[in-house]
Amino acid sequence: MDLIDKLQTEGMLTEDEFCRLLWTEDGEIRAKLFMTAQQIAIENFGKRIFIRGLIEFTNYCWRDCFYCGLRCANKKIDRYRMPNEVILDCCRIGYEMGFRTFVLQGGEDHYYTDEVMGNIIRAIKHLYPDCAITLSLGERSYRSYKELFAAGADRYLLRHETADSLHYSRLHPPSYSLAVRQDCLYDLKSIGYQVGSGFMVGSPYQLTEYLAKDFEFLRKLAPAMIGIGPFIPNKNTPFRHQKAGSLELTLRCIAILRIMFPKANIPSTTALGTLHPEGRLHGILSGANVLMPNLSPVEVQEHYTLYDKIAGVDGSLSHNLELLSNQLAPHGYTMVVDRGDYVPEKTNQ
Ligand code: 5AD
């Protein structure tokens, strides 16, 4: 039994085995990793790719994460908040193009109290009751998560970023803690959200053992969604001179996660598309089943700069969708009109 068989049957490897798999130069094992992951994705989803419409509605952030261009210490970006009508416009355009999930993503912006956020959620749900709403608003209190769930939010994305607390402390200011982050994720889950977590691949100071810890943490959390992408430096952050994460390592992580979590919704992220013009296609071929095109108006996209742009993923929505479907079509994949909810594995436990 090789490492892939073990991963598939047990859903887990030891730290040392994960590290070996992530760096193996054995071409057969590598090919088997990607092939197995792709087959599992096809068995569970067919060649159907779920699409989520990303709405980056505020780039204000009071946090100061060292890797992120939205950090409050960055005075070099123009900050914006989308008026509610613009958010609803994004939804309308998205709905007409077949999107049935809207992802409201922003920096941690105190302007968006539970009341303000709740009103936005209710307005979207009123107009588009057949759509799912995913929130990606960072850390909030249990009470707040509960209120937003009651307002109609279905899912929540909050990457844990790294499951090693020392590493976490090298990516964030001293007062931020991995434990708090993880508690938020458990809170979200207990409230009833479909929860997504994830991490950056190749972030500064990352060791391969930390990736093994990320897999272990995700095993414990059992999330409905897992978002990962390569770290990409941003010129207005302390990590401006750090190296970007690699495409190969990111794809191997996606493949491992698909084998560990056959039913999870795994996006092929914008960061992958930023690293390489066909990065998102490679993500799909490595087991991802979700794409998250940007519904934000092009004028605001240039201000939502988590990282520097390398390969182009900006441009109009229709241009982007066409580009993606042209990449997917030769491989038999199509984007579908579907909420794409998480359907958990049946277990006997
Ligand atoms: N490179 C790659 N990903 C980043 N993120 C933030 N900054 C960067 C960067 N420089 C990711 C984080 C965050 C998500 C919204 O974007 O993982 O959770």
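See the structure shown above.
Residues numbered from 1 in each chain as written. Predicted model: local features only at pLDDT ≥ 70, side-chain atom pairs only at ≥ 80, totals over all residues. Heavy atoms only, no water.

Caption draft 1: Looking closely at helix α2 (residues 15-23). Among the residues of α2, E17, F18, C19, L21 and L22 are the ones counted as buried. On its buried face, α2 is in contact with α1 (3-10), α3 (27-45), α9 (208-221) and α10 (247-260). (Buried < 20%, exposed > 50% of the residue type's maximum accessible area, 1.4 Å probe, protein only. Helix = DSSP H or I, 4+ residues; strand = E, 2+ residues; numbered from the N terminus. Contact = heavy atoms within 4.5 Å.)

Caption draft 2: Layout of the pairing of strand β2 (residues 53-58). For β2, the tally of buried residues reaches six of six residues, placing the bulk of the element in the interior. Taken together, the five bridges between β2 and strand β3 (residues 101-106) define a ladder with parallel strand orientation. Counted as the bridge partner of I55 is L104 from β3. Viewed along the sheet, the connection from β2 through helix α4 (residues 84-96) into β3 turns out right-handed. (Pairing = 2+ DSSP bridges. Right-handed = clockwise from strand over helix to strand, strands pointing away.)

Caption draft 3: Layout of the site of the ligand. Taken together, Y67, C68, R159, E161, M200, P230, F231, I232, L306 and Y307 form the complete shell of residues around the ligand. Y67 has a polar backbone atom sitting 2.9 Å from a nitrogen atom of the ligand. A distance of 2.5 Å is found between an oxygen atom of the ligand and a side-chain nitrogen or oxygen belonging to E161. In the complex, the protein chains occlude 88% of the 410 Å² of accessible area that the ligand would expose alone. Looking at the shell around the ligand, its residues break down into eight nonpolar, no polar and two charged. (Near = heavy atom within 4 Å. Polar contact = N/O pair within 3.5 Å; in protein donor to acceptor, adjacent residues only side chain to side chain. Areas by Shrake-Rupley, 256 points an atom, 1.4 Å probe, with all protein chains shown as cover. Nonpolar A, V, L, I, M, F, W, Y, C, P; charged D, E, K, R; others polar.)

Caption draft 4: The arrangement of the sheet that holds strand β10 (residues 290-291) in detail. One open sheet accounts for three strands, arranged β10-β1-β11; its pairing is parallel. One side of each edge strand has no neighbouring strand; the edge strands of this open sheet are β10 and β11 (334-336). Across three bridges, strand β1 (residues 48-51) lies against β11 in parallel orientation. Counterpart to I49 in the pairing with β11 is M335. Lying over the sheet, helix α14 (residues 317-328) contacts β1, β10 and β11, oriented at roughly 130° with respect to β11. (Axes fitted to C-alpha atoms, helices over the stretch in contact; angles between N-to-C directions.)

Caption draft 5: Layout of the side chain of S268. Within the fold, S268 resides in the loop between α10 and α11 (270-275). Among the polar contacts listed, one links the side chain of S268 to the backbone oxygen of R280, at a separation of 2.7 Å. In this structure, S268 is in contact with G279, R280, G283, I284, A288, V290 and L291, ignoring residues within four places of it in sequence.

Caption draft 6: Main features of the sheet that holds strand β4 (residues 132-136). Overall, parallel pairing links the six strands, which are arranged β2-β3-β4-β5-β6-β8 in an open sheet. Sheet topology places β2 and β8 (225-226) at the edges, where each strand pairs with a single neighbour. Examined bridge by bridge, β4 and strand β5 (residues 155-157) share two bridges and lie parallel to one another. Across the sheet, residue L135 finds its bridge partner in β5, namely Y156.

Caption draft 7: Inspection of the pattern of salt bridges at higher detail. Going through the model one piece at a time under the given rule, you end up with 22 salt bridges. The shortest N-O distance in the salt bridge between D2 and K32 comes to 2.8 Å. You can see D2 sitting in the segment before α1 and its partner K32 sitting in helix α3, a full 30 residues away along the chain. Beyond isolated ion pairs, a larger network of salt bridges with shared partners links R63, E108, E139, E161 and R181. (Salt bridge = Lys/Arg side-chain N within 4 Å of Asp/Glu carboxyl O.)

Caption draft 8: Examining unusual backbone geometry more closely. One non-glycine residue with positive phi stands out, namely E161, at about 75°. Assignment of secondary structure puts E161 in the loop between β5 and α7 (165-171). Positive phi, normally seen in glycine, also occurs at A222, with a value near 50°. Relative to the helices and strands, A222 is located in the loop between α9 and β8.

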